[in-house]
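Summary of the model geometry
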Amino acid sequence: MTIKKVGVLGCGLMGSGIAQVCATAGFDVTALEAEQKFLDKGFAGIDKSLAKFAEKPEKSGITPEKAKEIRGRLKGTLKKEDLADCDLIIEAIIENVEDKKKMYAALDGIVKKDAIFASNTSSISITELMTATQRPERFVGLHFFNPVPLMKLVEVVRTIATAPEVFETVFEFAGKLGKVPVRTSDKTGFIVNRLLVPYLLDAIRAYEEGVGSIADIDQAMKLGCGYPMGPFTLLDFVGLDTTYYITHVMFEEFKEARFASPPLLKRLVMAGWYGKKTGKGFYDWKDPANPAASF
Ligand SMILES: NC(=O)c1ccc[n+]([C@@H]2O[C@H](COP(=O)([O-])OP(=O)(O)OC[C@H]3O[C@@H](n4cnc5c(N)ncnc54)[C@H](O)[C@@H]3O)[C@@H](O)[C@H]2O)c1
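Rules of the game
Residues numbered from 1 in each chain as written. Predicted model: local features only at pLDDT ≥ 70, side-chain atom pairs only at ≥ 80, totals over all residues. Heavy atoms only, no water. Helix = DSSP H or I, 4+ residues; strand = E, 2+ residues; numbered from the N terminus. Polar contact = N/O pair within 3.5 Å; in protein donor to acceptor, adjacent residues only side chain to side chain. Contact = heavy atoms within 4.5 Å. Patch = residues over 30% accessible without salt bridge, like charges linked within 9 Å, V, L, I, M, F, W, Y side chains within 5 Å. Areas by Shrake-Rupley, 256 points an atom, 1.4 Å probe, with all protein chains shown as cover. Salt bridge = Lys/Arg side-chain N within 4 Å of Asp/Glu carboxyl O. Lys, Arg positive; Asp, Glu negative; His and termini not counted. Charge placed at Lys NZ, Arg CZ, Asp CG, Glu CD. Core = buried A, V, L, I, M, F, W, Y, C linked by side-chain atoms within 4.5 Å. Buried < 20%, exposed > 50% of the residue type's maximum accessible area, 1.4 Å probe, protein only. Axes fitted to C-alpha atoms, helices over the stretch in contact; angles between N-to-C directions. Parallel < 35°, antiparallel > 145°, perpendicular 65-115°, else oblique. Nonpolar A, V, L, I, M, F, W, Y, C, P; charged D, E, K, R; others polar. Left-handed = near helix turned anticlockwise from the far one by under 90°. Pairing = 2+ DSSP bridges. Right-handed = clockwise from strand over helix to strand, strands pointing away. Phe/Tyr/Trp six-rings, centres within 6.5 Å; stacked < 30°, edge-to-face > 60°. Lys NZ or Arg CZ within 6 Å of the ring centre and 35° of its normal. Near = heavy atom within 4 Å. Domains from an automatic or database assignment. Buried area = accessible area lost by both parts, 1.4 Å probe.

Mapping Arg135 onto the fold places it in the loop between helix H6 (126-130) and strand S6 (139-143). Here the side chain of Arg135 touches Asp108 through a polar contact of 2.7 Å, side chain to side chain. At 2.9 Å, the side chain of Arg135 forms a polar contact with the backbone oxygen of Lys112. In contact with Arg135, not counting residues within four places along its chain, are Leu107, Asp108, Val111, Lys112, Lys113, Ala115 and Phe117.

This paragraph deals with a positive patch on the surface. On the surface, Lys48, Lys52, Lys56, Lys59 and Lys276 cluster together into a positively charged patch. Here Lys48 lies in helix H2 (residues 36-55).

Attention now moves to the nonpolar core. Grouped together as the largest cluster of nonpolar side chains are 41 residues, with contacts concentrated most on Ile18, Cys22, Ile90, Leu142, Phe144 and Phe173. Leaving out residues up to four positions away in the same chain, Ile18 has contacts with Val8, Ile90, Ala92, Asn120, Phe144 and Val148.

With that settled, consider the packing of helix H8 (residues 192-208) against helix H12 (residues 263-270). Closest axis-to-axis distance for the H8/H12 pair is 8 Å, and the angle between their directions is 100 degrees. Comparing their axes, H12 and H8 come out roughly perpendicular. Across from Leu201, Ile204, Tyr207 and Glu208 in H8, the residues of H12 making contact are Pro263, Leu264 and Leu265. Residue classes in the contact of H8 with H12 are distributed as 6 nonpolar, no polar and 1 charged.

Turning our attention to the packing of H8 against helix H11 (residues 240-254). Interaxial distance between H8 and H11 falls to 11 Å at its minimum, and their mutual angle equals 110 degrees. The angle between H8 and H11 places the two elements in the roughly perpendicular class. Judged by the twist between their axes, the crossing of H8 over H11 is left-handed. Between H8 and H11, the contacting residues are Asn193, Arg194, Val197 and Leu201 on the first element and Ile246, Thr247, Met250 and Phe254 on the second. Partitioned by chemical class, the residues of the contact of H8 with H11 number 5 nonpolar, 2 polar and 1 charged.

Right, let's talk about the pairing of strand S1 (residues 5-9) for a bit. When you tally the buried positions in S1, you get 5 out of 5 residues, the bulk of the element. Neither face of S1 is open: one carries Lys5, Gly7 and Leu9, the other Val6 and Val8, and all of them are buried. As defined by bridge partners, S1 adjoins strand S2 (residues 28-32) across 5 bridges and the pair is classed as parallel. When the bridges of S2 are listed, Leu9 appears paired with Leu32. As a crossover connection, the stretch from S1 through helix H1 (residues 13-24) into S2 is right-handed. As judged from the 4 bridges shared by S1 and strand S4 (residues 88-91), these two strands associate in the parallel manner. Looking at the pairing, Val8 lines up with Ile90 of S4.

To continue, consider the packing of aromatic side chains. Across all of its chains, the model carries 11 aromatic pairs by this definition. Ring centres of Phe117 and Phe139 lie 6.3 Å apart, and the angle between their planes is 70 degrees; this geometry places the pair in the edge-to-face category. Remark: Phe139 occurs in strand S6 and Phe117 occurs in strand S5 (residues 116-119); sequence separation between them is 22 residues. Taken together, the ring pairs in this structure connect Tyr104, Phe117 and Phe139 into an aromatic cluster. Against the face of Phe167 rests Arg158, its NZ or CZ located 5.4 Å from the ring centre. Of note, Arg183 hangs over the ring of Phe171, and the distance from its end group to the ring centre comes to 3.8 Å.

Attention shifts here to the site of the ligand. Residues in contact with the ligand amount to 23 residues; listed here are only the nearest, Met14, Glu33, Glu95, Lys100 and Ser122. At 3.4 Å from a nitrogen atom of the ligand is found a main-chain nitrogen or oxygen belonging to Ala34. Lys100 has a polar side-chain atom sitting 2.7 Å from an oxygen atom of the ligand. The protein chains hide 86% of the 830 Å² of surface that the ligand would expose on its own. Those elements that place two or more of their residues in the shell around the ligand are H1 and helix H5 (97-108). When the residues that make up the shell around the ligand are grouped by side-chain class, the tally is 11 nonpolar, 8 polar and 4 charged.

Split into domains, the chain comes out as domain 1 (5-185) and domain 2 (197-282). Inter-centroid distance (C-alpha atoms) of domain 1 to domain 2 is 26 Å. For domain 1, the biggest contributors to the area lost against domain 2 are Leu13, Glu95 and Ser123; these three give 56% of the whole. There are 0 salt bridges connecting domain 1 and domain 2. Within the side of domain 1 that touches domain 2, the residues separate by chemical class into 3 nonpolar, 4 polar and 1 charged.

This is how it looks when you write it as structure tokens:
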């Protein structure tokens, strides 16, 4: 089957990036949001990112004309009906199982029967999401990484019900986006988060125990392990609300202490300090050289 038109659900941090890379690869894209202000925010992010790529066309392959062309393939909407003729739906709304299931159930009756549904969820079972629809064989996970336009990896996730040809179509689609897809199955956290989340939570616990300051732990993991950024910077980029939700899903699945949320993460989330997207998390992003002076 051929994928021409892609629907992206949610135009936040991930959805806007996914919409951008799909349009860059030549697909027509319609992004659905809950409110106009979120759509505007998402598209402002896309415009900023495309403008940055267009500043260095020799490196990015995106000239200002090409950026305009890409932008022309992107539409935003608040109406689910505008996604009716999509061949592939990629969902990237908030990491909440009930919200996601409600969204899939509603779209199942609107989007054409042979369209494929995919979720960008970090931790929720693809099998559970699939049960909200009447198309279990046409349902996969398609897990991108932040920032989507720059990160090469995509995890393509099959459930026991996914039809092999659907899985291969989506795997090939990810390659067409210029990404490197890997195959994985519907086990909580897939490959990357299964290994990454306990590491990030351990960094918070190390800080709570006084092993080092936020800046020193970040510096140590950057320079000692050759990671591009330390765990606290990464946590602030991912979003502490998203990470906190992921810990619940993973702990519920495995019942292992390494997946449980450290108290400090919970408190930051309760305070509304979600990381870079709200301006404050482990770092104050107005003054990132001076991390969390007030803890
Ligand atoms: N943040 C990351 O690094 C990361 C990485 C990989 C996957 N994910 C996953 O991607 C998904 C989105 O995460 P995010 O970081 O982009 O979150 P986000 O909060 O930045 O964006 C979510 C967007 O979904 C919109 N939304 C919520 N309910 C909606 C509805 N009913 N209809 C339409 N739009 C709706 C919100 O308005 C918001 O703009 C989550 O499932 C998350 O687990 C996140």
